[in-house]
Every structure is written in C-alpha cells, then in structure tokens.
Amino acid sequence: EPEVTQTPSHQVTQMGQEVILRCVPISNHLYFYWYRQILGQKVEFLVSFYNNEISEKSEIFDDQFSVERPDGSNFTLKIRSTKLEDSAMYFCASSPGTDNEKLFFGSGTQLSVL
Amino acid sequence: AQKVTQAQTEISVVEKEDVTLDCVYETRDTTYYLFWYKQPPSGELVFLIRRNSFDEQNEISGRYSWNFQKSTSSFNFTITASQVVDSAVYFCALPQDDMRFGAGTRLTVKP
C-alpha cells in the first residue's frame, strides 16, 4: 500500500536554529497537512495545503512556520527560529480529496530543540 | 464550533475484557464524518474507521465495533476480548476544514 514518507525520523537542533521537516505524500493525493503532537498530548492541526497554497492554518502556525511544495513530490515544513516549545512529534498527512476523506499519516519526525 | 470530547483519559483492563471508548462530538453541520485513529506505542497514527452521519448502523470489524448515535452525538468504540496488542492511544476525530482530534484515550491492556 502506498505510504507517506517523512524524513528525518528524529531531528535535534539548537534553539534559534532553522529546521526543515520533509515529507513525501502519496503521489496522487491533492491535500497535504502538518500536525504536531507534544509528548503525551493530543494531535494538533497546524496547516493544510491544497493547490499550491495554504487552505487552513491554526493559531499555532505563526510567522515562524512556513510550508512549501518545492517540486511535484516533496512537502516541507520550515520552522525559522526554533524554540524549546517546538519540541514535538510532527506528522505529515495527505488525502486524495477533501477533509472528509481518510488521512494517510507518515510515521512522524521527532523534533528535539535543545 | 466543532469539537470532539473524549472524557476518558486512561483506561486499564485485563486481557480478554471488553472495553468501550467514549467519543462525544459537537457540530452544526447536518452532514459530517467521524473518524477513529489508533496510535500504538511506536507512535504512528493508524486509521481505523470513517463513518458518515447518514449511516447510523453499528459497524463491526472483527473484535472492533462502533456505536454511532446521533441522538446523543456519540460515536463510541468497543473492543471485544481485548488483547495486549490493543494497548494504544485512541483518537476520535471530526473534520472541520481539517481533521480535529479529540484528546485521546490511553488504553492499557494487561496480560
């Protein structure tokens, strides 16, 4: 079965550094998402992306965050200047259609900000 | 606003017991979907089920069953004859332009 791929699986960075989390969604999917999960807490929506632009974003997704689909396959999340509280598991997801479709999740990138 | 409430933070059962995970939702939409996802200790999010608000029939898949009741805005999930491998966090979710997850219920099944 096709799957969403995320790299790296674990990233460690210093506070204030920029990080880019990478995702390769399923190839014929049209909607792409980023979620995060702070350890032991709920899965929180960050942003959704469709037709090469952000369709929705949450209050968490401030100016420090950006997303990009630089080519036909990759979907990236950039955090410009990381903070300690950005430490979390970041999940990428894609779906073939609208938000009422099942989301296919990647296995996540664990970001640790020191 | 749309929201999902999973009042049970943690549940612990002994293997072979049946267990029900509660999910109560709020929505103003007349047509909507509800989802359950499982997050095992390995961390990934695994899709379990999607239900359409038009279809209130209970669904059974092996040891898993779902009870959808619009009258009480609930979409509860029952595991029959639980097994240790069922230990995970289970999330109920309701799309609202994006998938909004409940806080999750951590299920521990002890041998």
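Before reading on, note that the structure itself is shown above.
Predicted model only: the values in this text are computed from it and were never measured. The residue numbers shown here count from 1 along each chain, following its written sequence. Think of it this way: whatever chain is written first is A, whatever ligand is written first is 1, and the rest follow in order. Local features in this predicted model are restricted to residues of pLDDT 70 or higher, and side-chain atom pairs are both shown and tallied only at a pLDDT of 80 or more, whereas totals for entire chains, interfaces and linings draw on every residue. With hydrogens and water set aside, each side-chain value is computed from the structure's full complement of heavy atoms.

Asker: Would you mind showing me how to read the overall build of chain A here?
Answerer: Along chain A, the regular secondary structure elements total zero helices and eleven strands. What you see for chain A is a C-alpha radius of gyration of 13 Å, in line with the 13 Å of a compact globule of 114 residues. With respect to the three principal axes, the spread of C-alpha positions in chain A is 35 × 25 × 25 Å. Taking all 114 residues of chain A together, the buried fraction comes to 47%. In chain A, of all internal contacts separated by at least 6 residues, the share reaching a separation of at least 24 is 53%. Each accessible area is a Shrake-Rupley estimate made with a 1.4 Å probe; only the visible protein chains count as cover when residues are assessed. By element, 45% of the accessible surface of chain A is carried by carbon and sulfur atoms, the whole surface being about 5700 Å². As used throughout, the charge tally considers Lys and Arg to be positive and Asp and Glu to be negative, leaving His and the chain termini uncounted. Here the site of a charge means NZ on Lys, CZ on Arg, CG on Asp, or CD on Glu. Separation of charge centres in chain A, based on 9 positive and 15 negative side chains, amounts to 3 Å. Numbering goes from the N terminus for both helices and strands, where a helix is a DSSP run of H or I of at least four residues and a strand is a run of E of at least two. Here the globule rule reads 2.2 Å times residues to the power 0.38, and the radius of gyration is calculated from C-alpha atoms. Think of it in three bands: with a 1.4 Å probe and only protein chains considered, a residue is buried below 20% of the maximum accessible area for its type, exposed above 50%, and partly exposed in between. In what follows, a contact means two residues having at least one pair of non-hydrogen atoms within 4.5 Å.

Asker: Can you walk me through the environment of Arg22 of chain A in this structure?
Answerer: Turning to its location among the elements, Arg22 of chain A is positioned in strand E3 (residues 19-24). The contact partners of Arg22 of chain A, leaving out residues within four places of it in the chain, are Thr5, Gln6, Thr7, Trp34, Phe75 and Thr76 of chain A.

Asker: Got a minute to help me understand the interface of chain A and chain B in this structure?
Answerer: The interface is formed by 15 residues belonging to chain A together with 18 residues belonging to chain B. What counts as a salt bridge is simple: a side-chain nitrogen of Lys or Arg found within 4 Å of a carboxyl oxygen of Asp or Glu. Applying the counting criterion to the chain A and chain B interface returns zero salt bridges. Think of a polar contact as two N or O atoms within 3.5 Å of one another; within protein, one of them needs to be a possible hydrogen donor and the other a possible acceptor, and neighboring residues in sequence only count if both atoms come from side chains. There are three residue pairs in polar contact (both at pLDDT 80 or more) connecting chain A and chain B. Elements that contribute at least two residues to the side of chain A that touches chain B include exactly strand E4 (31-37) and strand E5 (44-50) of chain A.

Asker: Would you mind going over the state of the cysteines with me for this structure?
Answerer: Put plainly, a disulfide is one covalent bond tying together the sulfur atoms of two cysteines. Residue and element names in this part refer to chain A. Any two cysteine sulfur atoms within 2.5 Å of one another count as a disulfide. The final tally for this structure, using the stated rule, is two disulfides over all chains. Paired by a disulfide, Cys23 and Cys92 hold their sulfur atoms 1.9 Å apart. Judged by the sign of its S-S torsion, about -65 degrees, the bond between Cys23 and Cys92 is left-handed. With Cys23 in strand E3 and Cys92 in strand E9 (residues 88-95), this pair connects stretches of sequence that are 69 residues apart. On the basis of relative accessibility, which here comes to 0%, the residue Cys92 falls in the buried class.

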